[in-house]
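Examination of the molecular architecture
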Amino acid sequence: MSAVATSAVVVCIDFRNPKAYLAKAPTQALEDVVGVRFDWQPLEIRMPSHPAPVRDGDDRGTRHRSMRAQYNERDMRRYAARAGLQLGDIYRAPDARVANMGLLWCAPHGADATRRYVDAVFESYWDERLDLADPAAIEALLVRADTPTLKWREFVEGPGRDALAQAQQVLAQAGAFDVPAYLIEGDVYLGRHHLPMLHWILTGRVGQPPL
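Conventions and cut-offs
Residues numbered from 1 in each chain as written. Predicted model: local features only at pLDDT ≥ 70, side-chain atom pairs only at ≥ 80, totals over all residues. Heavy atoms only, no water. Helix = DSSP H or I, 4+ residues; strand = E, 2+ residues; numbered from the N terminus. Expected span 1.5 Å × (residues − 1). Bend = angle between axes of the 7 residues up to and from the residue. Buried < 20%, exposed > 50% of the residue type's maximum accessible area, 1.4 Å probe, protein only. Contact = heavy atoms within 4.5 Å. Phe/Tyr/Trp six-rings, centres within 6.5 Å; stacked < 30°, edge-to-face > 60°. Lys NZ or Arg CZ within 6 Å of the ring centre and 35° of its normal. Pairing = 2+ DSSP bridges. Axes fitted to C-alpha atoms, helices over the stretch in contact; angles between N-to-C directions. Core = buried A, V, L, I, M, F, W, Y, C linked by side-chain atoms within 4.5 Å. Right-handed = clockwise from strand over helix to strand, strands pointing away.

1. Overview of helix α1 (residues 18-34)
Helix length check: α1 (17 residues) gives 25 Å between terminal C-alpha atoms against 24 Å at 1.5 Å per residue, within 8%. Along α1, the largest kink reaches about 40° and is centred on Lys24; proline Pro26 follows within four residues of it. Taken together, the buried positions of α1 are Pro18, Ala20, Tyr21, Leu22, Ala23, Lys24, Thr27, Gln28, Leu30, Glu31 and Val34. Tucked into the core, α1 has its buried residues touching β1 (9-13), β2 (39-42), α2 (60-82), α4 (111-126), β3 (181-184) and α8 (195-202).

Structure, rendered in structure tokens:
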């Protein structure tokens, strides 16, 4: 249960973040196309607060921040609708440490177990029926992902906390500060719009890179 990369590509996600949720399916599709399973890691980032409405008397900077935040929300909801996803309240900011420990717990049990767990957590959380901080609820999803859970509770209470702290340190040192982040060949790519570039890199850099 460490943050040591086990793949040519590390994918950083935060289960609470809608950008990571929207990136899940296309990232998994890229895994399938190139025949490589990526190393999915939890990255705890600061969640955005609900944008304040634009008011008379606001200065230019305040108006710009509010309008940009409102646009970003509309943009995410637009793409979610095209993907058949429901986002609900995108400004929820629960404690996700236990769910993140679950992701680290899955890693030694294989990439397929990790994929099943990632799918289960994202689906359950964004359906607004999962407490990310509940060890029993997360254990149930580990079981659903066909992942052994012997000593899971002990992991959450002790070594899991240390493993999660180590993961945050390693990812921060690698330059990841937002999700989804893709770490490959010493570079950091922020956002799912970089997936065509990752495809180009992983398939041998044939032809011109996507720009």
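Structure's up, so let's keep going.
2. With respect to the packing of aromatic side chains
Under the definition given, this model contains eight aromatic pairs. Arranged with centres 5.1 Å apart and planes meeting at 65°, the rings of Phe15 and Phe122 form a pair that is edge-to-face. One end of the pair, Phe15, is in the loop between β1 and α1; the other, Phe122, is in helix α4, with 107 residues separating them in the sequence. Of the two residues examined, Phe15 and Phe122, each falls in the buried class. Consider the rings of Tyr21 and Trp126, whose centres lie 5.4 Å apart with planes at 5°: the pair is stacked. Of the two residues, Tyr21 is situated in helix α1 and Trp126 in helix α4; the sequence distance between them amounts to 105 residues. Chaining the aromatic ring pairs together yields one cluster made of Phe15, Tyr21, Tyr117, Phe122, Tyr125 and Trp126. Over the face of the ring belonging to Trp126 we find Arg92, whose NZ or CZ atom lies 5.3 Å from the ring centre.

3. Here's the deal with unusual backbone geometry
With omega at -10°, the peptide bond leading from Val179 into Pro180 counts as cis. Inspection of the secondary structure assignment puts Pro180 in the loop between α7 (159-173) and β3. Not every positive phi belongs to a glycine, and Glu185 is a case in point at roughly 50°.

4. Focus on the sheet that holds β1
Spatially, β2-β1-β3-β4 is the arrangement adopted by the four strands of the open sheet, whose pairing is mixed. The outermost strands of the open sheet, each flanked by one partner alone, are β2 and β4 (187-190). Neighbour-to-neighbour, the strand axes of this sheet turn through a mean angle of 25°, independent of strand direction. Pairing geometry for β1 and β2, over four bridges, is parallel. Across the sheet, residue Val10 finds its bridge partner in β2, namely Asp39. Lying on the sheet, α8 is in contact with β1, β3 and β4; it crosses β3 at an angle near 20°.

5. Focus: the nonpolar core
Note that soluble globular proteins tend to have their nonpolar side chains buried in a common cluster. Within the largest apolar cluster, 61 residues are counted, with the highest numbers of intra-cluster contacts made by Cys12, Ile13, Phe15, Tyr117, Phe122, Ile138 and Trp152. Setting aside residues no more than four positions away along its own chain, Phe15 makes contact with Ala99, Asn100, Leu103, Tyr117, Val118, Val121, Phe122, Tyr125 and Trp126.

6. Focus on the pairing of β2
Side chains of β2 alternate between two faces, with Asp39 and Gln41 and Trp40 and Pro42 buried alike. One crossover worth recording links β1 to the parallel β2 by way of α1, and it is right-handed.

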